[in-house]
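The chain contents come next:
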Amino acid sequence: MSDDTETPSRRLPVPDLSLVVLVGSTGSGKSSFAARHFLPTQVVSSDVCRGLVSDDPNDQAATRDAFDLLHYIAGKRLAAGRLTVVDATNVQPEARRSLVNLAREYDVLPVAIVLDVPPQVCAERNALRPDRAGLSPHVIQRQQRELRRSMKFLEREGFRKVHVLRGVAEVEAAEIVEEKRYNDLRHLTGPFDIIGDIHGCRSELVTLLGRLGYTVALDTGGRAVDAAHPDGRTAVFVGDLVDRGPDTPGVLRLVMGMVAAGNALCVPGNHENKLGRALSGRKVTVSHGLKESLDQLAAEPAEFSTEVRSFIDALVSHYLLDDGKLVVCHAGLPEKYHGRTSGRVRSHALYGDTTGETDEYGLPVRYPWAEEYRGRALVVYGHTPTPTASFVNNTICLDTGCVFGGTMTALRYPERELVQVEAEHVWYEPVRPLITDAPGAREGRPLALSDVQGRRIVETVNHGRVAVKEENAAAALEVMSRFALDPRLLAYLPPTMAPVSTSRREGYLEHPEEAFAGYLADGVRQVVCEEKHMGSRAVVLLGRDAEGAALEKRFGVSTGGAIWTRTGRAFLDDGALTGAILDRLRAAALASGLFDGLDSDWLLLDAELLPWSLKAVGLLKRQYAAVGAAARAALPAALAALEAAGARDVDVAELTARQSARYADASAFTEAYRRYCWPVDGLDGIRLAPFQILAAEGANLAVRPHDQHLAWIDALVEADPQLLGRTGRMLVDTADEQSVAAATAWWEELTGAGGEGMVVKPLASLVRPEGGRLVQPGVKVRGREYLRIIYGPDYTLPANLDRLRSRTLGHKRSLALREYALGLEALDRLAGSEPLWRVHEAVFAVLALESEPVDPRL
């Protein structure tokens, strides 16, 4: 009589990041089970590893090497955050122990799936396999005994989930269900209001929520039990709601109500952890404000304490939010722990890490993990009271010591705006005083040697991680320490500019048509062509007042401003002349309303300072003038001798023509560089041509569209047209032939009149297609005669042009993108009020990349 009863499907939940260990004797169907439920790339098989190391999947002599390889592969997958399945018998405790340790090493959950299949079924399956036909029955019997002894101890061994499938029917009916980790809320994108440590300060919390725009709901007894934002924002609490302050129950009632209503998220702090253990009856040391919480809760109904205990027990150590771009925890979390699940991760999230030392107050010295953090996610945390909240390496601590008489701080995300309320009282005297001007405080210090020496990785928002080689960092350190301005002022260094793709047009090395075609291929329709001025790149930092109060407040240096080169050196040796330029520029900025319009007491500008000879007179004399002088001295005599030879009927016509062409080229070379030189007397003859306003207080303006920049600059130039030069421009549609033709004609007109050429930029400034690479922020298209200065008098000869067309541009373009991303990163950090050393880290990296070997003529 057949049994047609269908075995019901059994769902086996498996965390989406875990180490799944299949357990079962040979022939139990582990490989078939793995193939049916997991991707081939997720499965690491001991048999396959044996084959890889010995060419025979059944070579038992290769088992040790095979498992070394299995653990290595599994470790690499777990390090990369990939679900990993181990297909091996794993019936022996020591085999499983090594896998549990591997899961712990990478802070993932170990999961056991046991295939408990009858031994006769295993034997029948092995008999059908030619490679297993000779397998002794004793092997299966031994494995079955080991499996039986192990099954009830798997959880004790460290497996967080154990699924036992008994019999073939259960194995066939099983269904794997991947479940998200509790800390994975990447689908929640905000906006969020992240609130620092509260410590029982209910009144300040209510005030802060009101300042953030939340409407607080009261119960019939007038107690705050919920708060919601009209725009749907979500509050996120970083823990330490309890202890020390006057109203721990009031804080808990409000936060618990917000979480239950879906208006808030909360992670636990170390104080919640200790309170939860105390409420569960466990033995704890009543210190650091716990007594105040227990006394206050004792006055509440007993069921309220039960609710508090359940609330604390359900809190998750940390949350990943906004597609992983935001991590919220209590004590901070290095990147390697983000989204991981282990006791070690939870401990770090609750308590942080210490150096093992204690300070003069007997408190543990915290390990400065944030100073080494280079992760992509913004980590927001609390735990360690600090006088002010400031960004450090894409992290920020929001514990500003409200309970100690400081402030309660919230961070608006993604806006990165801080909102604070003052403490109403010093509710609890701190063991270690909150000192706002502690000597050597990292928040206010300048760049330090430890920030830049050796190989560095700088995390940028727009171009990922940018590596700085050790030898390049050393070269930059030499320049910075010997020649640069006060580093506190160096908020930006201009990136190198990529040249346009090489032209194949006859007689041209560079031509605009390649620029327009390149941007069109990148999906950029609207570009702006800007006249390239005949000067040297200059960055100008300008304060509203000449006395220096504005720049001292932001940069710590009492000065009215500074002008520097691409390598951070003072542009002019004459301080009085620099001051005169800054005074005129300041007057123009005030007259045009630029300071007020940008709501800032300082401005950072990108510009060209003319003439070229103002900075490069030494280069002109040594390199360019010498070439022209030598040609003018030698070639006329040679031509005279050839002319005399021709008069004697010597056939020198071809040689004479060639030398005449060389003389014409040399004359054109001399004329070309002379256009960039003229005498100056004080301010007479000096022209400053700003073309972009990089930053103002609280704003990275470099990402604004270029037409907005040019409108600002036009107003500035109009206020002082004698000193300031307007930048000619033309808007172009790269898909419109007439628009392209008009821009090309304009370029020919500019260069025909002796101009250097133009820069072609995306009108939108910053262009980075969704999921794509960063688009070049601009390419320079230089004129034929200007390139004669760069490549020599006779570069236009066909043979020379053919040789130059083989020049490699890839490295220069890569360098331009990396330096551009670093420049934007520096401006983002400056706008975000991050400590200046953080700004300087990115600026220094630009200078370091400048020492990479690349043809300077490109």
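All figures in this text were calculated on a predicted structure; none of them were measured in a lab.

*Asks:* I'd love a proper account of the packing of aromatic side chains, names of residues and values included.
*Replies:* Counted according to the given criterion, the structure contains seven aromatic pairs. For the pair Phe404 and Tyr428, a centre-to-centre distance of 6.5 Å together with 50 degrees between the ring planes defines the contact as tilted. Placement of Phe404 in the loop between strand 20 (395-397) and strand 21 (407-413) and of Tyr428 in the loop between strand 22 (417-422) and helix 16 (449-452) is noted, with a sequence separation of 24 residues between them. For Tyr428, a relative accessible area of 23% corresponds to the partly exposed category. Taken together, the aromatic side chains of Trp369, Tyr373 and Tyr381 make up a single cluster linked through ring pairs. Between Arg253 and the ring centre of Phe304, over which it is positioned, the NZ or CZ distance is 4.6 Å.

*Asks:* Summarise unusual backbone geometry; cite the residues concerned and give the values.
*Replies:* Residues Gly190 and Pro191 are joined by a peptide bond in cis, for which omega reads 5 degrees. Of note, Pro191 is situated in the loop between strand 8 (184-185) and strand 9 (192-195). Following Tyr413, the chain continues to Pro414 via a peptide bond in cis, the omega torsion being 15 degrees. Mapped onto the elements, Pro414 comes out in the loop between strand 21 and strand 22. Despite not being glycine, Asp243 shows a phi value in the positive range, around 75 degrees. Here Asp243 lies in the loop between strand 12 (234-237) and helix 10 (248-260).

*Asks:* Explain the side chain of Thr84 to me, using residue names and the numbers behind them.
*Replies:* Structurally, Thr84 can be placed in strand 4 (residues 84-87). Given a relative accessible area of 0%, Thr84 falls into the buried group. At 3.3 Å, the side chain of Thr84 forms a polar contact with the side chain of Arg77.

*Asks:* Before we move on, can you summarise the sheet that holds strand 12 with the specific residues and values?
*Replies:* Taken in spatial order, the five strands of this open sheet run 13-12-9-21-22, and their pairing is mixed. Across the chains shown, the open sheet's two edge strands, defined by having one partner strand only, are strand 13 (264-266) and strand 22. Between one strand axis and the next, the sheet turns through 20 degrees on average, direction left out of account. Where strand 12 meets strand 13, three bridges bridge the pair, whose relative direction is parallel. Residue Ala235 lies in a different strand from strand 13, and its bridge partner there is Ala264. Sitting on the sheet, helix 9 (residues 202-212) is in contact with strand 9, strand 12, strand 21 and strand 22, with an inclination near 140 degrees to strand 22.

*Asks:* Residues and numbers for the packing of helix 3 (residues 63-79) against helix 4 (residues 93-105), please.
*Replies:* At a closest axis distance of 10 Å, the pairing of helix 3 and helix 4 adopts a crossing angle of 25 degrees. With respect to helix 4, the element helix 3 is oriented roughly parallel. In terms of crossing hand, the pair formed by helix 3 and helix 4 is right-handed. On the side of helix 3, the interface is formed by Leu70, His71, Ala74, Gly75 and Leu78, while helix 4 contributes Ser98, Leu99 and Leu102.

*Asks:* Break down the sheet that holds strand 27 (residues 536-543) for me, citing the residues and quoting the values.
*Replies:* Here five strands make up an open sheet; going across it, the order is 28-27-29-30-31 and the pairing antiparallel. Across the chains shown, the open sheet's two edge strands, defined by having one partner strand only, are strand 28 (561-564) and strand 31 (699-700). Pairing of strand 27 with strand 29 (residues 602-610), which is carried by eight bridges, proceeds in the antiparallel orientation. Residue pairing in the sheet places Leu542 in a bridge with Leu603 of strand 29. On the sheet, helix 24 (residues 706-719) packs against strand 29 and strand 30 (687-696) and is oriented at approximately 125 degrees with respect to strand 30.

*Asks:* Residue-level account of the pairing of strand 23 (residues 456-460), with values.
*Replies:* In terms of residue burial, strand 23 counts as a mostly covered element, since four of its five residues are buried. Pairing geometry for strand 23 and strand 24 (residues 464-468), over five bridges, is antiparallel. Bridge pairing in strand 24 links Ile457 to Ala467. Count of turn residues in the strand 23/strand 24 antiparallel hairpin: three residues.

*Asks:* Help me get a handle on the nonpolar core, residues and values and all.
*Replies:* Counting residues in each nonpolar core, the largest one holds 46 residues, and the members touching the most others are Leu541, Phe555, Trp564, Trp602, Leu604 and Leu830. Broken down by element, the residue count for this core peaks at ten residues, all from helix 29 (residues 836-849). Setting aside chain neighbours within four positions, we find Leu604 in contact with Ala491, Tyr492, Val539, Val540, Leu541, Trp564, Gln692, Ile693, Leu694, Ala695 and Leu827. The next biggest cluster of nonpolar side chains, apart from the first, holds 40 residues, and it includes Cys201, Ala224, Cys266 and Val403.

*Asks:* Any details on helix 4? Residues and values, ideally.
*Replies:* Given a rise of 1.5 Å per residue, 13 residues ought to cover 18 Å, and the 18 Å separating the end C-alpha atoms of helix 4 matches this to within 8%. Taken as a whole, helix 4 has its buried residues at Arg96, Leu99, Val100, Leu102 and Ala103. Burial along helix 4 is one-sided: seen end-on, the buried residues are contained in an arc of 155 degrees. Close packing links the buried residues of helix 4 with strand 2 (18-23), helix 3, strand 4, strand 5 (109-116), helix 6 (137-150) and helix 7 (154-157). Just downstream of helix 4, Asp107 is the residue with a positive phi angle, here 55 degrees.

*Asks:* If you had to explain the environment of Gly239 to someone new, which residues and values would you point to?
*Replies:* Along the chain, Gly239 turns up in the loop between strand 12 and helix 10. For the pair formed by Gly239 and Gly568, sequence separation is 329 residues and the distance between their alpha carbons is 44 Å. Beyond its immediate stretch of four places on either side in the chain, Gly239 contacts Asp197, Ile198, Val267, Pro268, Gly269, Glu272 and His330.

*Asks:* Could you give me a rundown of a nonpolar patch on the surface, with the residues and numbers involved?
*Replies:* The grouping of Val48, Leu52 and Val53 at the surface amounts to a nonpolar patch, some 270 Å² of accessible area in total. Within the secondary structure layout, Val48 lies in helix 2 (residues 46-54).

*Asks:* Go over the pattern of salt bridges with me, naming the residues and quoting the values.
*Replies:* Scanning the entire structure with this criterion turns up 45 salt bridges. The partner of Arg148 in a salt bridge is Asp116, with the nearest N and O atoms 2.8 Å apart. Residue Arg148 is found in helix 6, and its partner Asp116 is found in strand 5; the two are separated by 32 residues along the sequence. Judged by its relative accessible area of 9%, Asp116 is buried. Between Glu756 and Lys532 there is a salt bridge; the shortest N-O distance is 2.7 Å. You can see Glu756 sitting in the loop between helix 25 (737-752) and strand 33 (757-762) and its partner Lys532 sitting in strand 26 (residues 526-532), a full 224 residues away along the chain. On the basis of relative accessible area, Glu756 is assigned to the buried category, the value being 4%.

*Asks:* A description of the confidence of the model for the protein chain should follow, citing residues and the corresponding values.
*Replies:* Mean pLDDT over the protein chain stands at 88; residues scoring 70 or higher make up 92%. Across residues 435-444, where pLDDT falls below 50, the model places ten contacts with residues more than four positions away in sequence or in other chains.

*Asks:* Describe the environment of His271, with residues and values.
*Replies:* On the secondary structure map, His271 appears in helix 11 (residues 270-279). Counting along the chain gives 112 residues from His271 to His383, while the straight-line C-alpha distance between them is 9.5 Å. The residues touching His271, leaving out its near neighbours within four places in the chain, are His199, Asp240, Val242, Asp243, Arg244 and His288.

*Asks:* Help me get a handle on helix 9, residues and values and all.
*Replies:* For helix 9, the set of buried residues is Glu204, Leu205, Leu208, Leu209 and Leu212. The buried residues of helix 9 occupy an angular sector of 135 degrees when the element is viewed end-on, so they sit on one face. Packed against the buried residues of helix 9 are strand 9, strand 11 (224-228), strand 12, helix 10, strand 21 and strand 22.

Basis of the calculations
- Residues numbered from 1 in each chain as written.
- Predicted model: local features only at pLDDT ≥ 70, side-chain atom pairs only at ≥ 80, totals over all residues.
- Heavy atoms only, no water.
- Phe/Tyr/Trp six-rings, centres within 6.5 Å; stacked < 30°, edge-to-face > 60°.
- Helix = DSSP H or I, 4+ residues; strand = E, 2+ residues; numbered from the N terminus.
- Buried < 20%, exposed > 50% of the residue type's maximum accessible area, 1.4 Å probe, protein only.
- Lys NZ or Arg CZ within 6 Å of the ring centre and 35° of its normal.
- Polar contact = N/O pair within 3.5 Å; in protein donor to acceptor, adjacent residues only side chain to side chain.
- Pairing = 2+ DSSP bridges.
- Axes fitted to C-alpha atoms, helices over the stretch in contact; angles between N-to-C directions.
- Contact = heavy atoms within 4.5 Å.
- Parallel < 35°, antiparallel > 145°, perpendicular 65-115°, else oblique.
- Left-handed = near helix turned anticlockwise from the far one by under 90°.
- Core = buried A, V, L, I, M, F, W, Y, C linked by side-chain atoms within 4.5 Å.
- Expected span 1.5 Å × (residues − 1).
- Arc of directions from axis to C-beta.
- Patch = residues over 30% accessible without salt bridge, like charges linked within 9 Å, V, L, I, M, F, W, Y side chains within 5 Å.
- Areas by Shrake-Rupley, 256 points an atom, 1.4 Å probe, with all protein chains shown as cover.
- Salt bridge = Lys/Arg side-chain N within 4 Å of Asp/Glu carboxyl O.
- pLDDT = per-residue confidence, 0-100.

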